[in-house]
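Remarks on the overall topology
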Amino acid sequence: MIDDVTFEVMRHRLWEINNEIGVLAARMAATPAVYETGDYNTGLLDRHGRGVFSGVGVIRMATVLDLVVASVKSTFGESIGPGDVFLTNDPFAGALHAMDVAVVAPVFVSEALVSWTGIVFHEPDVGGPTPGSWSVGATDAYQEPPLIPPQRIVLRGVLQRDIEAAFLRNSRTPEALAINLHAKIGAQELARVRISEVIEEIGIDDYVALLERILHDVRSTVREQLAVMPDGEWQVSTYIDHDGVTPAIYELKLTARKHADRLVLDFTGTSPQAPGPINCAWSGLVAGILEVLVPLFCIDLPWSHGAVAECFEIVSEPGTINNATHPAPTSMATINACQSTSDLVWQVLAMMNGWVSSRRAEVIAVGYAGANSGVSSGRLANGSPFVLSLSGLGGGGARFGHDGVDSGGNIIAPIFAIPNVERLESLSPLLWLWRRELPDSGGAGEWRGGMGVEFAVTLRPPVEQAEVTVFSTSWAVPATRGAHGGFPGGLQSNVFFSGVDVPSILAGDGFADALQAGSAHELVGAGKARLILGPGDVWLSEASGGGGFGDPRARDVQAILDDVLSGRVTAAHALTGYGVQITNGPDGPVGVRAEELSPLRELETSALSGSFFDFTDGKYQCRRCSTRFDTPTAARRSLSFAHASPVSRWSDGAGFGLAVLSCPGCTAIFRVDVHRPGSTEGDTAEHLASKGEGVA
Amino acid sequence: MEVVGRYRIAVDIGGTFTDSVVESADGQVWSAKARTTPDDPSRGVLDSVRAVADSMGLTLGRLLAACQTFLHGSTVATNIMITRTGARTALLTTRGHEDAIRIGRGRQRVAGLSESEITHITQHSKPRPIVHPRDVVGVKERVDVDGTVVVSLDEEHARRELTRLAAQGVQSVAISLLWSISNPDHEQRLRDIALEVMPEAFVSISSEVAPVLGEYERTTSTVVNAYVGPAVARYIGRLELLLAEFELTAPIVYTLADGGLADAETVKRRPLATLDSGPAAGVLGVAALSDTLTSRNLLCSDVGGTTFDVGVVSSGVVEHDAYPVVDQYELRLPKVLIKSVGAGGGSIARLDARGVLRVGPQSASASPGPACYGLGGTAPTVTDAYLVLGFLDPSAPLAAGIVPNLEAARAALMALTSDERPSVVDVAASIVRIAESQMADLLHRVTMERGVDPREFALAVYGGAGPLFGPAIADNIGIETVHIMPNPGSFSARGMLKTALSWTAESSFLAKLPLTDDRVGDLRDCSSELAAEVTKTLSRHVSSDRVSLRVSVGMRFALQSHSIDIPLDLSRASLTTELRAAFVARYRQLYGPNSIYEPGTIEISYVRVIGSVSADQENSVMQEAKPRNGNTQVTQTRPVYFAATGWVQTSILREGDFLDGMTVTGPTIVHGPGETLVVPPGWLGSSTNRLVTLRASGRSRAADAVSKRKGATR
C-alpha cells in the first residue's frame, strides 16, 4: 500500500514527466502547427491502456490514446515487447483523423508491462487529393489520405525503415513528416527512461498501485460531483451546415439522463453518416465527450481521462455522423462531428452545473469551436512550394460572473496559439490587410461572449495565384450557444472579393464595408471549398465569438459603454442587443438603458439557482417577478441570427433562427435556443426530475 | 584591475528588503539590509547603504566618497508592471493590426501561468491592458516582408492623431509597425513626428527595442518599454541626485535582466532591459564563482518565502530564457533563465477534496505569515512544519525578526492530522517532504528540458531559506554536493559585484549544410566580429588577456524552429563533416537514439560568442585557507526530525562556531542571523573561506536511493 505522501510526490512527478515529454517533442518538431501553434498532446497510460494523465495540449488528442493502445493490443497481442513503438492515423483504430498521427509505446520494466505512453501531432500533410489533407469533396474514405492501421515502427529498439518509407511516401511534406515522426518516437523513448527511474525508486508494485489510486480517486470525485447535480433529462442539438461536398445541414442530438451518480449520454436521433469528410468515428465521439468532462470535472486533479471514461455510458447508433463506420470519409472529423459532439456536452453541462451552487463558477456558454480555418498552398516567388495552415481564432464562452475571453480560441486547446502575421507572410506569398477582433461578434449577455477574430488576405506580387481550401462550420447555423438567457456568438463566414484595389483599401479607413463597396463578392456559402486566389482577390474570414451568459438587458451599462469605447460592441448593437442607447454627454459618451429591465440588476444573482430562475414543485420560478412557468408556458419569440449578432449578415440562416424563451410575467430571458426551418420551437429541453443540491 | 576608490558597492531592491553589499579592494565583504520603500525606492536604497556604512564604522558620505563602482539592481520597472502605474502610453501601429497586442496570438490567456491555472480552462482571462484601446492608433502605411513600401506613410494622419493624444494627456509613445525589422524608415519618421508634436514624450520604436520577427512580441516589448520608461527615468534621476548629495562621484551602473551592465543613459532608453534583473544577479553571482566550486555545472536555487527560483549555469555559462513572459505578455528581451514555482517557507498546507495533503502554491507570504509568526496567520505553512520538527531555533528570531511561537505552529498543523498522520510531527514531516519534492521536480524540469541529467550538477543555494532546504532538495534528485553561497540572504546583491564577468554576443546566420567555401568565410567573419565586440565590452572591466572566448553555432533541421548550441572550431579542415557529426551526436544525446531523421537538411541558425573572465584576486573569497583544528566543539544539542532517521539528537552551532577550515558531521544545524544551515545525517559540511560546502557521504536512506537510481540508468 503506497503511503499518501509518496502518492502526492509521485503523482506530481508523473504529471511533470508527461508534460515535459510534450515540450521536448514540440522542440524537435518541424512544423509551426506543433512548435508555434501547439496542435499536439501527450498522454501517460496505465498498463491496461487507461489514460492517467492527459497533457495540456489539445485535450481530444490525448483522450483517444486509450483507443489507439487498445487497437495496438488487439493487432499485436502477445508479440508486444520492450522497445517497441507503434503508429497509426486510422480513425477506425482510435486516431482522430488522418492528419493526427498517433504514436504509442509500451513501457516494460524487468519484462513486465507497467505503462503505456503516447503522443499525437497534427501533421501538415499525409496525402490525399487536397494539400493539407482536409479533403474537400471526398465522398468516401478512398478519396481521402491513406489510413494506416497500427504499425510497429520500432521493433525492440530498432527503427523499421520499410514502414517509415511507406508512411512518408504519400505526403506532400515528407521531410517535415519524417522529422516529426522521429520527434514523437524520441519522446516515447525519453518517457520510458523517466518512468523507469520512478519505478526504480518506488518499485513496480507501488507504481501500479499509484496509477490505480489516481484512477480510483478521479472516478470517485467525478461520481460525487454528478451526485450533487439534480436528476433529470436534458435534450440539446447542434448542426453541421455543410458536409464538405454539398451545403446540406446535419443535426447532432444528445439526450443526457442523469440519476444519482450515473450519467447516460444518448445520441439517438443524430443524422446518419454523411457522404462528406465531416464524420467522426467512435474515437471522435469518445474524444468529443471527454474533452469537456475531463477539464470540467478534474479541477485540481490529474486529467485522468481513462477514469472519467468509466463514469458515463454512451448510447449511439453505428453509422451516424459521430459514430461513422468505414468507408465513411473522416478527414475533417476533429472540427466537425467530434467538435459538434463536445458542443452538445458543453450545452448540457452549462445547464446542469447551473443548478448547483458549488459548481456555478464552472458554467460556461459554448464558445468558438475551432472550426473556421483554411490551408493555402502553391508556390512562393522563388518557385519553391508551400503549404500553410491558417487557423481561425474565435472567442470564448461567457462565464457566470465573467465575460468570455476575447480572441481566446477553442477552450479545449489551452496552449493553442496562432502565428504572428509576420511569420505567416514570411512563409507564403500572402499579405494580411488586417487581423482584428470583430466588433459585435461576441454573443450578447449579462456577461458577453468573447470576440472572434476577422482577417483579410490578398496575394503579394509578383506571385499571381495561390490555392485556398477553407473549412468552416457555423456559416448558416451558429455552433456557439449562450447560457441561461445569453445569446450565441456571430456566425462564421468566408467571403471572396474580386477586383479589389488593394492599395486604396490599405490606405483607407474601412474594413469589410470598403471591400464590399468597391468590388464583386461571393460568400463561400459552402463553408467548405477550394478556391484560387488571384491578383486583386481578397479572402475575408470571420470566426465566431463565444456565447453570452444571462439576459443581455441585465448587463451593467458601464460595461456596455466600455465595450463601445474599446470597439468591441458598436453603438447600434448596444441598442438592439442590449437595449442601451449611447449618446454624447458633456463629459463624453454615456449609456442610457432604453428598455427598463434594470431591476434584474438589483437581485444578487449569486443567490440564484440558474441565472434568474429557481425550480420549485416541477416549475421554474422567476426571481424577478415570482411568476411560475414551465417551458410550454414560457413567452417565446423568434429572431434572426443577424438580429442577435449583426456580423451574421452574410448568411440568411438557411431557414433556422433563434427561439427566445422568457418569463411570461416580466420577459426576463430564460433560454435562447435555435429553431429549425418551419418551426418556432426551440431545440433544447430540460426536465428536472429531482431536487439536486442546488435546487430549491 | 585599476582601483580608483576603495570600495565596490552593490544594492539590490527586493520585495521586502533592500540589500547592500560592500566589497573592499582587499576582498573584505560587508552586507546590510533595510526595508524597501515602495513609494520612493531611492529612500530604501539610501537607508540600506547607510546601514552597511554603519556596520563598517563609516559615515554614509565617507563610504560613498570612497566608492569605485556603484552597482544597482532595481525593481522599479517590475513594480510598475505589477501595479500598472506606468505612463499613459499610446501605441502607433500599422492600420488593420491594432489588435495584435490584445489578440496576443490567442495564447495570451495562459502565457506564463502555472499548470494548475492553465488546466482550469473555464477561468482563463487576459491580462489588464497596458494601453487603452482608445490610445491605439492605426497608422496608414504598409511595408512587406522584403521591406518594400506597399503603402507610404500618411504623415498628416499620424500627426493629427498624435496631436489629439497629446491633448488627452498621453505621456509616452510606442511605435511598432509590421516589418519594421526589414525597413525601419516609417518607424523612424513617426518618432520624429511624435517628438515634434510632444517634445517631452518618451518615444520607443520596435526596430530598436526588439528587432525580431513577430509583431506581437515586438509590440509588447516596445509598449512595456514606453510604459515603464518615464518612471524609470524619474527614479534614476532622483537616485543620482540623492547619492550625489552624499558625495558619490562614481557612476551608478545598472544591472540588466540578461546579467549585463548598463549606464544610466542606456537604461533610460531601454528600461525594459531592467525587468526582473534582481533574480538574474544571483545566477550571475553563482556563475562568477563557478571556477572555484567543485563543478562548473550548477543549478542555482533561490529559496524565499513564497517562491522558489531556479537558474542554470552550464560549464560556467549562464543559460538564457528564449521566451520570457511578464504578466502574461510575451516579450523579446535578452534575459537570464529563471523558472519559478510557488513553494517556499510560506507555502500553505491543506487537505484537498479527497483528503490528500497538498502544499502550496498559496502562500501566507510575509503578512500574515506562517502561523508561528503570530501575526494573525492561522494556516499551517512549511515554516511551521520545520519549526515543529526542530530545524528552527524556537528561542531565536527568524529572518523577519520575529521569535517563532512553537505552540501556534503545532496548533495550525493539528488541523491536518488524520488516521494516516495521527501526530503533528507526522503532518509536519509530510509537509516538508512534499515541499522539498516540488522544488526538486522544478529542478528536474529545468534540466530535463535542456536534455541534461541533474545529477551532473552541483546545487548552489541562496535566499533566506536556501541553507535550510538545500541538502534535502539535493537528496531528492541525487545531487551530492551543495554549495551555500556566502551571505545567502543578500546574495543577489553580491552577485551584482560579479556581473561584468561574462558577455555574450550573438548574430543570426543562416546557412545550410554542406557549407560552401564562401559561407565558411562569412562564418569566420561573423565570429571574428562578435569576438571583437565581446572582448571590447569585457576590456572595460578587466584586461583583455584575461578574457577567454567560446564560439558556438546554433544548429537545427532546416524546418525546425529550435536550435541546439554546438561548439565551433574554425581551424578544422572538414568543417561540414565535423559540425554534422557533432550535431547528430548531440541530438541523439538530448532526445534519444531514434529521435533523429538523418537525411533531413541541417542548417546553421546563429553564431554566438561568449566571453568569460578567469578568476583572480576578486574571487579570493574562494581561496583555500589553512585548516584549523579539525572539528568544532559542540556544546548544545537538540532533537531534530529527519525523514531518513526520525528524531535524532543534533548538534547545534552558532554561525560564529563554524569557522573556516572546519568540518562538521551531520546531523548538525548551524544558526546564523536569520538563516539556518542544515547538515543532515550522512552529510558533511565544510567551511572554506566563508563558503560552506555540503557533501553527501554517509549512509542516509536518501543517498542509498540515489546510488540505486544511478546504477539503474547507467
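The rules behind these values
- Residues numbered from 1 in each chain as written.
- Chains lettered and ligands numbered in written order.
- Predicted model: local features only at pLDDT ≥ 70, side-chain atom pairs only at ≥ 80, totals over all residues.
- Helix = DSSP H or I, 4+ residues; strand = E, 2+ residues; numbered from the N terminus.
- Buried ≥ 20, exposed ≤ 12 C-beta atoms within 10 Å, placed from the backbone.
- Contact = placed C-beta atoms within 7 Å.
- Nonpolar A, V, L, I, M, F, W, Y, C, P; charged D, E, K, R; others polar.
- Expected span 1.5 Å × (residues − 1).
- Pairing = 2+ DSSP bridges.
- Axes fitted to C-alpha atoms, helices over the stretch in contact; angles between N-to-C directions.
- pLDDT = per-residue confidence, 0-100.
- Parallel < 35°, antiparallel > 145°, perpendicular 65-115°, else oblique.
- Left-handed = near helix turned anticlockwise from the far one by under 90°.

1. Section: the overall build of chain A
Scanning chain A from terminus to terminus reveals 16 helices and 29 strands. With respect to the three principal axes, the spread of C-alpha positions in chain A is 75 × 65 × 50 Å. Across the 696 residues that make up chain A, the buried fraction comes to 64%. Long-range contacts, defined as pairs at least 24 residues apart, comprise 71% of the intrachain contacts of chain A with a sequence gap of at least 6.

2. Some remarks on the interface of chain B and chain A
With 70 residues of chain B at the contact, the number on the chain A side is 77 residues. Counting only elements with at least two residues in the side of chain B that touches chain A, the list comes to α4 (100–103), α5 (115–119), β8 (149–151), α9 (215–245), β20 (357–363), α14 (424–449) and α19 (701–713) of chain B. Counting residues per element, the side of chain B that touches chain A draws most heavily on α14(B), at 9 residues. Taken together, the residues of the side of chain B that touches chain A break down into 25 nonpolar, 21 polar and 24 charged.

3. Looking at helix α11 (residues 277–289) of chain B
Helix length check: α11(B) (13 residues) gives 19 Å between terminal C-alpha atoms against 18 Å at 1.5 Å per residue, within 8%. Along α11(B), 13 of the 13 residues are buried, which leaves the element largely enclosed by surrounding structure.

4. Things to note about the sheet that holds strand β16 (residues 466–472) of chain A
All names here are of chain A. As summarised here, the arrangement of the 4 strands in space is β13-β12-β16-β19, forming an open sheet in which the pairing is antiparallel. Strands with a single pairing partner mark the edges of an open sheet, and in this sheet they are β13 (385–390) and β19 (528–533). Across this sheet, the average inter-strand angle for adjacent strands is 15°, counted without regard to direction. By the bridge criterion, 7 bridges tie strand β12 (residues 372–379) to β16 in an arrangement that is antiparallel. Each residue of the ladder has a partner; that of G378, found in β16, is A466.

5. Section: the confidence of the model for chain A
All names here are of chain A. Averaged over every residue, the pLDDT of chain A is 91; residues scoring 70 or more account for 96%. Here residues 598–609 is a poorly scored stretch, pLDDT under 50, and it has 22 contacts once near neighbours within four places are set aside; other chains count. Counting contacts from residues 692–696, a segment whose pLDDT is below 50, to residues more than four positions away or on other chains yields 21 contacts.

6. Things to note about the packing of helix α5 (residues 161–169) of chain A against helix α6 (residues 174–227) of chain A
Residue and element names in this part refer to chain A. Direction vectors running N to C along α5 and α6 enclose 135°, while the axes themselves pass 9 Å from each other. The pairing of α5 with α6 is recorded here as oblique in orientation. For α5 against α6, the interelement crossing comes out right-handed. Contact residues: α5 offers E164, F167 and L168, while α6 offers P174, L177, A178 and L181. Counted by class, the contact of α5 with α6 contains 6 nonpolar, no polar and 1 charged residues.

7. Digging into the sheet that holds strand β4 (residues 100–109) of chain A
Residues and elements named next belong to chain A. Within the open sheet, the 7 strands sit side by side as β2-β1-β5-β4-β3-β6-β7. Their pairing is antiparallel. Only two strands of the sheet have a single neighbouring strand rather than two, namely β2 (51–54) and β7 (158–159). The pairing of strand β3 (residues 85–88) with β4 spans 3 bridges and is classified as antiparallel. Within β4, the residue paired with F86 across the bridge is V104.

8. Looking at the pairing of strand β5 (residues 112–122) of chain A
Residues and elements named next belong to chain A. With 9 of 11 residues buried, β5 lies mostly within the body of the structure. For strand β1 (residues 40–46) and β5, the ladder comprises 7 bridges, and the chain directions are antiparallel. Among the inter-strand pairings, N41 is bridged to a residue of β5, identified as V120. Sheet analysis places β4 next to β5, joined by 10 bridges and oriented antiparallel. Note that in β5 the partner of V107 across the bridge is S115. Connecting the antiparallel pair β4 and β5 is a turn made up of 2 residues, with S110 showing a positive phi of about 50°.

9. Examining the pairing of strand β13 (residues 298–303) of chain B
All names here are of chain B. For β13, a buried count of 6 out of 6 residues is recorded, marking the element as mostly surrounded by other parts of the structure. Residue alternation in β13 divides its side chains into two sets, L298, C300 and D302 and L299, S301 and V303, and both sets are buried. Strand direction decides the pairing type here: β13 and strand β14 (residues 308–314), joined by 6 bridges, are antiparallel. Directly across from D302, in β14, lies its bridge partner D309. Counting the residues that bridge the hairpin from β13 to β14 gives 4 residues. The sheet contact formed by β13 and strand β21 (residues 458–462) spans 5 bridges and is parallel. Opposite C300, over in β21, you have A460 as the bridge partner.

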